[in-house]
Amino acid sequence: MRWAKLIILAAVLGGLYILAIRPIRGVIIRRFIYPEAIAAVAHKTAMEISDSSTGGFEIAVGEGTSHSGYYRYFMAFGEYLFVPFIFLAILRADTKWAVLIFLLHFGYFIVETGLLFLGLRVDYVFLRAMDLLGYILFPTSFGIVALAWFETREERKADSMASKNSTLLGRDPSKDRVH
């Protein structure tokens, strides 16, 4: 029965991601960020921006066919949010971990968008910083899941020890827990 609840919860989170979060990301990129990015590079000959997708777009820096760098604007709140949420649900971790991952993604979105426009308007070194930030988001999201796993593992060990001690003393362990 426990696995059925987890499968239902994973399906609900998956449906929420596919039906709500992903379309909202697409609207934010296509209606707000992408048009502003196109306008920012309209007067620059050394930058090209690819077509936008649900997750982001690519910026090529360099002249003609010899581009010196490719940078990807990757909007947060994608798989790196959805998959850790699934793992947190499976672990039955405290909601503080989900809030922490959400705040991480929100902060990432703000900083990455700022770096995007600094890179487009000021210097492409900010695009490098934006690209690097994307590589940090993945391990950080799953690192938070690992911390939640350690916490839930320790709580389960403590509960198990309390249950064994209560059983040895002849008490009902369910009455010992404070909620």
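Structure shown above.
If you're wondering where the values come from, they're calculated on a predicted model, not measured in any experiment.

**Q** What is the right way to look at the overall build of the chain in this model?
**A** The helix and strand inventory of the chain stands at 4 helices and 3 strands. The order of α-helices and β-strands along the chain, N terminus first, is α-β-β-β-α-α-α. By the burial criterion, 33% of the 179 residues in the chain qualify as buried. Within the chain, contacts between residues separated by at least 24 positions form 60% of all contacts whose residues are at least 6 apart in sequence. Element-wise, carbon and sulfur atoms account for 67% of the exposed surface of the chain, whose accessible area totals about 11,000 Å².

**Q** I keep staring at the nonpolar core and nothing clicks. Help me out?
**A** Phe-57, Ile-59, Tyr-73, Leu-116 and Leu-120 are the most contacted members of the largest nonpolar core, which has 35 residues in total. Those elements that place two or more of their residues in this core are α1 (2-41), β1 (47-49), β2 (56-63), β3 (66-74), α2 (79-91), α3 (95-121) and α4 (125-168). Ranked by the residues each element gives to this core, the list is headed by α3, at 8 residues. Not counting the four nearest positions on each side in its chain, Leu-116 is found in contact with Ile-33, Phe-57, Ile-59, Tyr-73, Leu-127 and Met-130.

**Q** Looking at this structure, I do not really get α3. What am I missing?
**A** The end-to-end C-alpha distance of α3, which contains 27 residues, comes to 39 Å, matching closely the 39 Å that a straight helix rising 1.5 Å per residue would cover. When α3 is considered as a whole, its buried residues turn out to be Trp-97, Ile-101, His-105, Tyr-108, Phe-109, Glu-112, Thr-113, Leu-115, Leu-116, Phe-117, Gly-119 and Leu-120.

**Q** I'm lost on the packing of α1 against α3 in this one. Help?
**A** What describes two packed helices is the angle between their axes and the distance between those same axes. Between α1 and α3, whose axes approach to 8 Å, the crossing angle comes to 25°. Taken together, α1 and α3 sit at an angle that is classed as roughly parallel. The handedness of the crossing between α1 and α3 is right-handed. For the pair α1 and α3, the contacting residues are Ile-28, Ile-33, Glu-36, Ala-37, Ala-40 and Val-41 in the first and Phe-109, Thr-113, Leu-116, Phe-117, Leu-120 and Arg-121 in the second. When the residues that make up the contact of α1 with α3 are grouped by side-chain class, the tally is 9 nonpolar, 1 polar and 2 charged.

**Q** What is the right way to read α2 from this model?
**A** Here α2 is 13 residues long and its end C-alpha atoms lie 18 Å apart, about the 18 Å a rise of 1.5 Å per residue gives. Residues of α2 that are buried: Leu-81, Pro-84, Ile-86, Leu-88, Ala-89 and Leu-91. Backbone geometry just after α2 places Arg-92 at a positive phi near 55°.

**Q** Please explain the packing of aromatic side chains as it appears in this structure.
**A** Centre-to-centre distance and the angle between the planes together describe a pair of aromatic rings. Counted according to the given criterion, the structure contains 8 aromatic pairs. Where Phe-57 meets Tyr-73, the ring centres are 5.3 Å apart and the plane angle is 25°; that geometry is what we call stacked. Of the two residues, Phe-57 sits in strand β2 while Tyr-73 sits in strand β3, which places them 16 residues apart along the sequence. Residue class for Phe-57 comes out buried when judged on its relative accessible area of 1%. By relative accessible area, which is 0% here, Tyr-73 ends up buried.

**Q** Honestly, the environment of Leu-147 in this entry has me stumped. Any pointers?
**A** Assignment of secondary structure puts Leu-147 in helix α4. By relative accessible area, which is 47% here, Leu-147 ends up partly exposed. Separated by 54 residues in sequence, Leu-147 and Ala-93 place their C-alpha atoms 9.9 Å apart.

The rules behind these values
- Residues numbered from 1 in each chain as written.
- Predicted model: local features only at pLDDT ≥ 70, side-chain atom pairs only at ≥ 80, totals over all residues.
- Heavy atoms only, no water.
- Helix = DSSP H or I, 4+ residues; strand = E, 2+ residues; numbered from the N terminus.
- Buried < 20%, exposed > 50% of the residue type's maximum accessible area, 1.4 Å probe, protein only.
- Contact = heavy atoms within 4.5 Å.
- Areas by Shrake-Rupley, 256 points an atom, 1.4 Å probe, with all protein chains shown as cover.
- Core = buried A, V, L, I, M, F, W, Y, C linked by side-chain atoms within 4.5 Å.
- Expected span 1.5 Å × (residues − 1).
- Axes fitted to C-alpha atoms, helices over the stretch in contact; angles between N-to-C directions.
- Parallel < 35°, antiparallel > 145°, perpendicular 65-115°, else oblique.
- Left-handed = near helix turned anticlockwise from the far one by under 90°.
- Nonpolar A, V, L, I, M, F, W, Y, C, P; charged D, E, K, R; others polar.
- Phe/Tyr/Trp six-rings, centres within 6.5 Å; stacked < 30°, edge-to-face > 60°.

Purely spatial values, then, with no claim about function.
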